[in-house]
Amino acid sequence: MTATFGRGVRIAGTGRAVPAQVLTNKDLEKLVDTSDEWIVQRTGIRARHKANEHETVFSLGRDALLQALQASGVNPADLDMVIVATVSGEMLCPSTAARISEAVGADDAAVFDIAAACSGFLYALNMADTMIRCGRAERIAIVGVEVLTRLVDWDDRTVSIIFGDGAGAAVVVADPDPSRGCIHQTMHGDGRMWRTLYHPRNEREVPPADAANPIRLGHLRMHGREIYKFAVTRFQEAIKDALDRTGLGVDDVQHYICHQSNQRIIESAVEKLSLPPERVYVNIDRYGNTSAASIPICLDELCRAGRIEPGKPIILVAFGAGVTWASCVWNA
Ligand code: ACO
């Protein structure tokens, strides 16, 4: 979808929050049969944050949004919408967005969660941009937050090394300049692949073909190699499509912000499309895969470092469980 409306959208402020505890690869060596060398070489991850019993999807999301609100100067009471992207919220009902909106004082906002896993924040950003652009909203808060370490079977060495906990948030607002904001977006899914990463709570939710899976019920089950292959292809296609549709050259983009799932997946897109490596943001070494939080954490680090130049485009791409994938070309 290419922007056609009469006004634009601006990121007014961003924020992030991560648990205090850092779990290094060396720490993991004591928990599962793995090694720092294997994890770094296969994923690029060196450390990740892990929530304690008091740190929750609610509390991390709230803290990230409070920071984003402060950075934006937007009064929470003026928010039209609070969207929370997560697949690990503590409560199924009400939404995490409802509880966060109360905590930040967004008393007049529409509230809902998006369960698109790692693509969740981009789904939310794309929807928020569209809502504002067409005049249905003025100010929207978006939070991407996960505490996936609670869903991990710590005996499973492929899943336990990957995920980390955290939250990132952005407040987006209407801008009179129609060239600002999302100039191209895509959102996709392929439900036929849901079995590649799922979280069964009981036997009924286990597909027959996966009946012999040794991972205990109540924990994430991941078919890593299948996801890897899918992600490599989709990342390359999504970035190429974003460049082709907007007419941008690889050097016209100030930052490529890819979902931080595996450094090798990101590097494959860099190689295939000859992207300038210094413009491809990577922080997976410090956070691991924080799912819906990964893109907004990157965004916040870049914003707070003063590295987002107004008027220049950013390409954001993500893929996740579902399976889902999404892209956004954002003119800052
Ligand atoms: N430490 C040491 N050895 C390991 C580990 C580990 N942590 N994990 C697996 N191995 C072993 C395997 O047992 C296997 O051994 P074998 O050859 O003797 O059988 C060998 O290493 C290779 O295993 P692979 O599964 O082929 O390893 P691969 O290179 O594919 O890396 C990984 C695994 C990191 C999981 C990779 O497949 C991957 O990143 N996949 C994508 C996962 C992903 O992005 N998931 C998130 C989805 S997004 C969302 O929505 C949450």
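These lines cover the structure that appears in this document, whether it is placed above or below. (Residues numbered from 1 in each chain as written. Predicted model: local features only at pLDDT ≥ 70, side-chain atom pairs only at ≥ 80, totals over all residues. Heavy atoms only, no water.)

A few words on the packing of aromatic side chains. Enumeration over the complete set of coordinates arrives at four aromatic pairs. On the basis of an interplanar angle of 75° and a centroid distance of 5.5 Å, the ring pair of F230 and W325 is categorised as edge-to-face. One end of the pair, F230, is in helix α7 (residues 224–246); the other, W325, is in strand β14 (residues 324–331), and 95 residues separate them in sequence. The same class applies to F230 as to W325, namely buried. (Phe/Tyr/Trp six-rings, centres within 6.5 Å; stacked < 30°, edge-to-face > 60°. Helix = DSSP H or I, 4+ residues; strand = E, 2+ residues; numbered from the N terminus. Buried < 20%, exposed > 50% of the residue type's maximum accessible area, 1.4 Å probe, protein only.)

Of all residues adjacent to the ligand, which total 25 residues, the nearest are T34, R42, C118, R225 and A321. Backbone polar atom of R157 to a nitrogen atom of the ligand: 2.8 Å apart, as the coordinates give it. A distance of 2.6 Å separates an oxygen atom of the ligand from a polar atom in the side chain of R225. Bound to the protein, the ligand loses 78% of the 1000 Å² it would expose on its own. When residues of the shell around the ligand are traced back to their parent elements, those giving at least two are α2 (36–43), α6 (157–160), α7 and β13 (313–320). It is α7 that contributes the most residues to the shell around the ligand, four residues altogether. (Near = heavy atom within 4 Å. Polar contact = N/O pair within 3.5 Å; in protein donor to acceptor, adjacent residues only side chain to side chain. Areas by Shrake-Rupley, 256 points an atom, 1.4 Å probe, with all protein chains shown as cover.)

Packing of α7 against helix α8 (residues 263–273) brings their axes to within 9 Å, and their N-to-C directions diverge by 40°. With respect to each other, α7 and α8 are oriented oblique. Between α7 and α8 the crossing geometry is right-handed. Residues Y228, A231, V232, F235, Q236, I239 and K240 of α7 touch α8, and the partners they reach there are R264, I265, I266, S268, A269, K272 and L273. (Axes fitted to C-alpha atoms, helices over the stretch in contact; angles between N-to-C directions. Parallel < 35°, antiparallel > 145°, perpendicular 65-115°, else oblique. Left-handed = near helix turned anticlockwise from the far one by under 90°. Contact = heavy atoms within 4.5 Å.)

For the rest of this paragraph, the subject is the sheet that holds strand β4 (residues 81–85). Within the open sheet, the five strands sit side by side as β1-β7-β6-β4-β5. Their pairing is mixed. Strands at the two margins of the open sheet, each flanked by one partner only, are β1 (8–17) and β5 (110–114). The sheet shows a mean angle of 15° between the axes of neighbouring strands, direction not considered. Both β4 and strand β6 (residues 139–146) contribute to a ladder of five bridges, which runs parallel. Paired with V82 across the two strands is A141, which belongs to β6. (Pairing = 2+ DSSP bridges.)

Soluble globular proteins: nonpolar side chains tend toward being buried together. One finds F235, I239, Y256, I315 and F319 to be the most contacted residues of the largest nonpolar core, which totals 44 residues. Of all the secondary-structure elements, those providing two or more residues to this core are α7, β11 (255–258), α8, β13 and β14. Per-element tally for this core: the top contributor is α7, with nine residues. F235 has contacts with C258, H259, I265, I266, A269, V317, A318 and F319, leaving out every residue within four places of it along the chain. (Core = buried A, V, L, I, M, F, W, Y, C linked by side-chain atoms within 4.5 Å.)

Turning our attention to the layout of surface pockets. Roughly 840 Å³ of volume is contained in the largest pocket. Lining of the largest pocket is provided by 33 residues; of these, V87, S88, A115, L151 and H199 occupy positions nearest its centre. Of all the secondary structure elements, the ones that give two or more residues to the lining of the largest pocket are β5 and β9 (197–198). Among the residues forming the lining of the largest pocket, the class breakdown is 19 nonpolar, nine polar and five charged. Put simply, the second largest pocket is a space of about 620 Å³. Lining the second largest pocket are 26 residues, with I162, M222, G224, R225 and Y228 positioned closest to its centre. The set of elements that each furnish at least two residues to the lining of the second largest pocket consists of α2, α7, α8 and β13. In terms of residue count, α7 provides more of the lining of the second largest pocket than any other element does, four residues in total. Within the lining of the second largest pocket, the residues separate by chemical class into 13 nonpolar, 10 polar and three charged. (1 Å grid on protein atoms, 1.4 Å probe; cavity = no way out; pocket = protein on both sides within 12 Å on 5 of 7 lines; lining within 4 Å. Points joined across faces, edges and corners; volume = space filled by probe spheres on them. Nonpolar A, V, L, I, M, F, W, Y, C, P; charged D, E, K, R; others polar.)

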